[in-house]
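Architecture at a glance
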Amino acid sequence: MKAGIVGLPNVGKSTLFNCLSNAKAQSANFPFCTIEPNIGVVNVPDKRLEKLEELVNPQRVIPATVDIVDIAGLVKGASKGEGLGNQFLANIRETDAILHVLRCFDDDNVVHVDGSVDPIRDKETIDIELQLKDLESVEKKLDKAKRAAKTGNKDAVKEEAVLLKVKKELEAGISVRAIDLSAEERKEYITPLQLITDKPVMYVCNVDEASAAAGNAYVEQVRAATADENAEILVLAVGTEADISELETYEERQLFLEDLGLEEPGSSKLIRAAYHLLNLHTYFTAGEKEVRAWTIPVGATAPQAAGVIHTDFEKGFIRAEVIAYDDYVSYGSEIKVKEAGKMRVEGKDYVVKDGDVMHFRFNV
Ligand code: GDP
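Calculation notes
Residues numbered from 1 in each chain as written. Predicted model: local features only at pLDDT ≥ 70, side-chain atom pairs only at ≥ 80, totals over all residues. UniProt positions renumbered as here; feature names shortened; annotations may be inferred. Near = placed C-beta within 6 Å. Helix = DSSP H or I, 4+ residues; strand = E, 2+ residues; numbered from the N terminus. Nonpolar A, V, L, I, M, F, W, Y, C, P; charged D, E, K, R; others polar. Axes fitted to C-alpha atoms, helices over the stretch in contact; angles between N-to-C directions. Parallel < 35°, antiparallel > 145°, perpendicular 65-115°, else oblique. Contact = placed C-beta atoms within 7 Å. Left-handed = near helix turned anticlockwise from the far one by under 90°.

Identification of the protein as Ribosome-binding ATPase YchF from Muriicola marianensis is taken from an unreviewed UniProt entry. Here is the UniProt Sequence similarities (unreviewed entry) comment for the protein, exactly as written: "Belongs to the TRAFAC class OBG-HflX-like GTPase superfamily. OBG GTPase family. YchF/OLA1 subfamily." Listed in UniProt under the heading Cofactor (unreviewed entry), the comment for the protein reads: "Mg(2+)".

**Side note on the site of the ligand**
The local shell around the ligand holds 17 residues, among which Gly 12, Lys 13, Ser 14, Thr 15 and Gly 239 are the closest. Looking at the shell around the ligand, the elements with two or more residues in it are α1 (13–20) and α8 (238–246). For the shell around the ligand, a count of residues per class yields seven nonpolar, seven polar and three charged.

**Digging into the packing of helix α5 (residues 154–171) against helix α6 (residues 183–190)**
Taken N-terminus to C-terminus, the directions of α5 and α6 make an angle of 95°; their axes are 10 Å apart at the nearest point. It follows that α5 is roughly perpendicular to α6 by the angle criterion. Contacts between α5 and α6 involve Glu 159, Val 162, Leu 163 and Val 166 from the first element and Glu 185, Tyr 189 and Ile 190 from the second. Looking at the contact of α5 with α6 residue by residue, the class counts come to five nonpolar, no polar and two charged.

**Thoughts on the packing of α1 against α8**
The interhelical angle for the contact between α1 and α8, taken along N-to-C directions, is 30°, at an axis separation of 9 Å. When the axis of α1 is compared with that of α8, the two are roughly parallel. Where α1 crosses over α8, the handedness of that crossing is left-handed. Of the residues in α8, those touching α1 at Thr 15, Leu 16, Asn 18 and Cys 19 are Val 238, Gly 239, Glu 241, Ala 242 and Ser 245. Here the contact of α1 with α8 is composed, by residue class, of four nonpolar, four polar and one charged.

Laid out in structure tokens, this is it:
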């Protein structure tokens, strides 16, 4: 699962990517690795992991991660192959969620591709390119459905109707995620197309340093323009965050943040929000060797969760021993939780909850 950073040139995407991928920006010294120049595996900041570390005192701590891709070069005309447009759009298609960066800062030294700062116009420029690309996919599929419908295929008749509706909405500038469709219509005909504007989106308003805590008039414009999208809006002073991430010590970074009126780096908030946008959550394993956060899709069952550690764990799954995070912390240790009778034994249908501390029993 990965989230892609999109936006017009010069809005601060690569600066954001670099500060996300700078482990120093986060509260603990977890390693960071870059798979490819524009793909980063970013640690998900989680206070619960620090708490478990305190209680268990393990040899090592391994956080959950999320993959972030910097998708540079999206410009007006990209859907028609302008610049390297089509390549970038193909990269976006491979992501599972979109972090849309909008320039909400004035700075005459940073050129704007369209000559002035206007986050709403910028958002539309990007949205239109993505919608045009989706329109291409929908039209292709629609042609096929039409032909099949002519032969009397009932399913194709339904598909044609749904695709026609989606085509009209896209032509009117509506993103697929906002189109009113039944769950079944989506599942049958739309989800398989992996349309770009169907992916969950979050807006990152890149503001100047003085607006880091409270936002500014541009941010308010973005809020107003996206009010009916039900999307999260994150206010981030990307340039300042990058400066903070360069500071050597945790204390220095905290001081800088306090000056700005922030409790933690905005990048930490962003990573967590991206994790949620991807519909992921976390369970923990906690032993003397290792305390670790594992990533699972919301709704994953105990065997599926075990499978994230090792496929054999899933195949041979017998049962899981589960301690709720709050119980672990209030009793202070696994033994005390057991003594209090608060450890549960769960079977293969158990849906793992965010924060569960788990042991798996399995056959090999
Ligand atoms: P990208 O093309 O979207 O990847 O943009 P970059 O991250 O390369 O940023 C473009 C320029 O804007 C660079 O010179 C950055 O230093 C500058 N920049 C990025 N974020 C901010 C910000 O929050 N405030 C100001 N003033 N400049 C910024």
